[in-house]
Amino acid sequence: MTATATSARSDLSELGRSETALRTFLHGLPGVDQVGAEQRAAQLGTRSIKTTAKAEAIDLAIRMVDLTTLEGADTPGKVRALAAKALRPDPADPSCPHVGAVCVYPSMVPYVAEVLRGSGVHLASVATSFPSGQAPLEIKLADTRAAVEAGADEIDMVINRGAFLAGRYAEVYDEIVATKEACGSADAGRQGRPRAHLKVILETGELATYDNVRRASWLAMLAGADFIKTSTGKVPVAATLPVTLVMLEAVRDFRAATGRQVGVKPAGGIKTTKDAIKYLVMVNETVGPDWLHPDWFRFGASSLLNDLLMQRTKLTTGVYAGPDYFTLD
Amino acid sequence: MSERVAVRKTYKLFIGGKFPRSESGRSYLVQDSNVSLASRKDARDAVVAARAAGKGWAGATAYNRGQILYRVAEMLEGRREQFVALGVPADEVDAATDRWVWYAGWSDKLPQVYGGANPVAGPYFNLSAPEPTGVVAVVAPETPALLGLVSVIAPAIVTGNTVVVAASPTAPLAAVTLAEVLATSDLPGGVVNILTGRLSETVPTLAAHMDVNAIDLTGVTDPELAADLEVKAAENLKRVLRPVAAGHDWSADPGLGRMTALLETKTVWHPKGV
């Protein structure tokens, strides 16, 4: 697949000004070759990563994990335990790196913030009426501000899929812009505190086609997303390799067109080390080593971490590890 | 009319109720047939399958487990000729079938014989009940090919354990054929997993594996290897069944030993009330 031809387009920041301009641009993006994307993703999945390369991939993957719990049954005790695990995933091995971030609901942010303060582990909070995104804009923005106030330095917002699928691109665009503003609203009161990073969840399982995934990716990046994320993990179809490939191509082409680098976060359904390594191979082959860093690529996952730890233990001790020796959450 | 082309059979592994080839793609020849040569990754996959099956199998009622084991005996009976064709003596097939039936009967009786009420000095009902140990790695004896195999698998699974069996390298055909019997007899996939190939590749992996709860070394004939495996098994305190130096008499009454060796005891104190 070729890079999106954007050289002819003068200034992408003007696109948000009108619905027509946005539609013309998004529908002018080249279509995704579905068979080609799936074949390419499957082919990259067959690479064999062993020994030292595998050890490095596992440590990188651990550093990229957004350790997530998004349950109605989350309690302060549970999220505190999760945060402690994020700091020291394998208590038996001090050389094990910490994870990238902890991802929780806004109401759980204060409890996690206490544990993570000063540790270098980021604190992500879902917001904007996660997971459906079906609430009035003011409520979504208040949700975002509350999470930032409580100490979240990364916000995972959901796009308004209803509006996107109905073709009301400007509405989706404006919501992302407004949410991004809300991410920085805490600045006034707290000097020196950087704006919270904005991850935009496309919920690709509901977008139906790869063309839509590509359009939504560009729409989110044009509106100012720092990260684009595949899924909420709350619908049956979550992150897949081909969808992530399409998104990686979008961030690559976006950087070529604008010079701004955007991160990618596949989330949901990535459960094994093998899966995670397939994603890392794809990142390396599609966008290159610039993205092979927790600042630019993350895994939204919960059970993945234990499998990474078991594989890591296997490499260091030489014997297969068992789930009995790692915490459940 | 042209002559029929012979349909030659490949003897594959039995993991999680399916018959995969070895992940390594290797095979070796036994009695003119290709048999999969399992690698340590196959052993790992088998443990994962056994662990996944454990909850459902241990949670099934004793009655249900007994029925399924009896069904295995029925299927075995139907394949009698096939085993005889592989060189297993007919009376050994009969003895193996009878042994399945014998163990099947124990499923709901063993907890009564081996567990029960304990008299205690206090106002409590005190009850001990046997529970399965979990995932058991089994090294099957070389001879008798079928009766020996049945005599190590049946006592492990009747109480609710799941097993990963390293079949004898020299007699894998009967083991894989037994796997076909198990696959057609309502036994949930993963309760029994059978690996064929070199013991030196698969068994040390199983002995060291942290997610295996017990290991039965019956088929290990080399005392040095047995000792080495026992050392590996000590890492996570696996239960170990040592091989009998003088050799087993598989035709004798098996007794309860093989079943009770792979059990844990849960004791419950229940207040009697007024």
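Remember, it's a predicted structure, so these values are computed and weren't measured experimentally.

### Here we look at the overall build of chain B
Link 1 in the chain: A tally of helices and strands in chain B yields ten helices and eleven strands.
Link 2 in the chain: The C-alpha atoms of chain B give 19 Å as radius of gyration, which agrees with the globular expectation for 274 residues (19 Å, within 12%).
Link 3 in the chain: Its C-alpha atoms give chain B principal-axis dimensions of roughly 90 × 40 × 35 Å.
Link 4 in the chain: A total of 274 residues make up chain B; the buried ones form 46% of that total.
Link 5 in the chain: Considering only contacts within chain B whose residues lie at least 6 apart along the sequence, 78% involve residues at least 24 apart.

### Here's the deal with the nonpolar core
Buried together is how nonpolar side chains tend to be arranged in soluble globular proteins.
Link 1 in the chain: Judged by nonpolar contacts, the single largest core of 100 residues is most densely connected at Val102(A), Val200(A), Ala220(A) and Ile228(A).
Link 2 in the chain: Considering every element that reaches this core, the biggest residue donor is helix 10 (residues 241-258) of chain A, with nine residues.
Link 3 in the chain: Setting aside chain neighbours within four positions, we find Val102(A) in contact with Leu67(A), Leu82(A), Ala83(A), Ala86(A), Val112(A), Leu116(A), Val121(A), Leu123(A) and Ala124(A).
Link 4 in the chain: In this structure, Ala140(B), Ala156(B), Leu178(B) and Leu263(B) belong to the second largest nonpolar core, which totals 82 residues.

### Some points on the pairing of strand 5 (residues 124-132) of chain B
All names here are of chain B.
Link 1 in the chain: Of the strand pairs in this sheet, strand 4 (residues 116-118) and strand 5 are connected by three bridges, and their pairing is antiparallel. Counterpart to Ala117 in the pairing with strand 5 is Leu127.
Link 2 in the chain: Taking the residues that link successive antiparallel strands as the turn, the strand 4-strand 5 hairpin has five residues.
Link 3 in the chain: Sheet topology note: the strand 5/strand 11 (residues 263-271) ladder contains nine bridges and is antiparallel. The partner of Phe125 across the bridge, within strand 11, is His270.

### Some details on the UniProt feature "domain: Aldehyde dehydrogenase" (unreviewed entry) in chain B
Link 1 in the chain: In the numbering adopted here, UniProt assigns the feature "domain: Aldehyde dehydrogenase" (unreviewed entry) to residues 34-240 of chain B.
Link 2 in the chain: Between the end C-alpha atoms of residues 34-240 of chain B the distance is 32 Å, and the span holds 54% helix and 16% strand.

### Some points on the sheet that holds strand 8 (residues 299-301) of chain A
Residue and element names in this part refer to chain A.
Link 1 in the chain: Read from one edge of the open sheet, eight strands run 7-6-5-4-3-2-1-8, paired in parallel fashion. Taken across any chain shown, the strands that pair with only one partner, and hence form the sheet edges, are strand 7 (263-265) and strand 8. Between one strand axis and the next, the sheet turns through 25° on average, direction left out of account.
Link 2 in the chain: Two strands pair when backbone bridges link them, and strand 6 (residues 227-229) and strand 7 are joined in this way by three bridges, in the parallel orientation. Each bridged residue has a counterpart across the sheet, and for Ile228 the counterpart in strand 7 is Val264.
Link 3 in the chain: Against the sheet, helix 4 (residues 76-87) makes contact with strand 1 (65-68) and strand 2 (101-104), and its axis sits at roughly 160° relative to strand 2, the strand it touches most.
Link 4 in the chain: Along the sheet face, helix 5 (residues 109-116) touches strand 2 and strand 3 (122-127) and points at about 170° away from the line of strand 3.

### Overview of the sheet that holds strand 10 (residues 239-241) of chain B
Residue and element names in this part refer to chain B.
Link 1 in the chain: Across the sheet, which stays open at both edges, the five strands sit in the order 8-7-6-9-10 with parallel pairing between neighbours. Only two strands of the sheet have a single neighbouring strand rather than two, namely strand 8 (192-195) and strand 10. Pairwise comparison of adjacent strand axes, ignoring direction, gives a mean angle of 15° for this sheet.
Link 2 in the chain: Its contacts with the sheet place helix 6 (residues 145-157) against strand 6 (135-139), strand 7 (162-166), strand 8 and strand 9 (214-216), and it is angled at close to 160° to strand 7.

### A short note on helix 9 (residues 210-222) of chain A
Link 1 in the chain: The end-to-end C-alpha separation of helix 9 of chain A is 18 Å, in line with the 18 Å expected for 13 residues at 1.5 Å each.
Link 2 in the chain: Burial runs high along helix 9 of chain A: twelve of the 13 residues are buried.

### Considerations on the interface of chain B and chain A
Frequently, the measure chosen for interface size is the accessible area that the parts lose on association.
Link 1 in the chain: Contact residues are listed per partner, giving seven residues for chain B and seven residues for chain A.
Link 2 in the chain: Tallied by class, the residues present in the side of chain B that touches chain A amount to two nonpolar, two polar and three charged.

### Observations concerning helix 5 of chain A
Residue and element names in this part refer to chain A.
Link 1 in the chain: For helix 5, the full list of buried residues reads Val109, Tyr111, Val112 and Leu116. Looking straight down helix 5, one finds its buried side chains confined to an arc of 160°; they lie on one side.
Link 2 in the chain: Of the surrounding secondary structure, the elements contacted by the buried residues of helix 5 are helix 4, strand 2, strand 3 and helix 6 (137-150).

### So, unusual backbone geometry
Link 1 in the chain: Cis geometry is found at the peptide bond from Phe130(A) to Pro131(A), where omega equals 0°.
Link 2 in the chain: Mapped onto the elements of the fold, Pro131(A) is located in the loop between strand 3 and helix 6.
Link 3 in the chain: The amide bond that connects Thr143(B) to the next residue, Pro144(B), takes the cis arrangement and shows omega of -10°.
Link 4 in the chain: Along the chain, Pro144(B) turns up in the loop between strand 6 and helix 6.

### A few points about the packing of helix 8 (residues 169-183) of chain A against helix 9 of chain A
Residues and elements named next belong to chain A.
Link 1 in the chain: Relative to each other, helix 8 and helix 9 sit at 45°, their axes nearing to 9 Å. Classified by the interaxial angle, the pair formed by helix 8 and helix 9 is oblique. For the pair helix 8 and helix 9, the sense of crossing is right-handed. On helix 9, the residues that touch Tyr169, Val172, Tyr173 and Ile176 of helix 8 are Leu219, Ala220 and Leu222.
Link 2 in the chain: The residue inventory of the contact of helix 8 with helix 9, partitioned by class, reads seven nonpolar, no polar and no charged.

### Side note on the environment of Thr317(A)
Link 1 in the chain: Tracing the sequence through the fold places Thr317(A) in helix 12 (residues 303-317).
Link 2 in the chain: The sequence separation of Thr317(A) and Cys96(A) amounts to 221 residues, and the corresponding C-alpha distance is 14 Å.

Basis of the calculations
- Residues numbered from 1 in each chain as written.
- Chains lettered and ligands numbered in written order.
- Predicted model: local features only at pLDDT ≥ 70, side-chain atom pairs only at ≥ 80, totals over all residues.
- Helix = DSSP H or I, 4+ residues; strand = E, 2+ residues; numbered from the N terminus.
- Rg over C-alpha atoms; globule rule 2.2 N^0.38 Å.
- Buried ≥ 20, exposed ≤ 12 C-beta atoms within 10 Å, placed from the backbone.
- Contact = placed C-beta atoms within 7 Å.
- Core = buried A, V, L, I, M, F, W, Y, C linked by C-beta atoms within 7 Å.
- Pairing = 2+ DSSP bridges.
- UniProt positions renumbered as here; feature names shortened; annotations may be inferred.
- Axes fitted to C-alpha atoms, helices over the stretch in contact; angles between N-to-C directions.
- Expected span 1.5 Å × (residues − 1).
- Nonpolar A, V, L, I, M, F, W, Y, C, P; charged D, E, K, R; others polar.
- Arc of directions from axis to C-beta.
- Parallel < 35°, antiparallel > 145°, perpendicular 65-115°, else oblique.
- Left-handed = near helix turned anticlockwise from the far one by under 90°.

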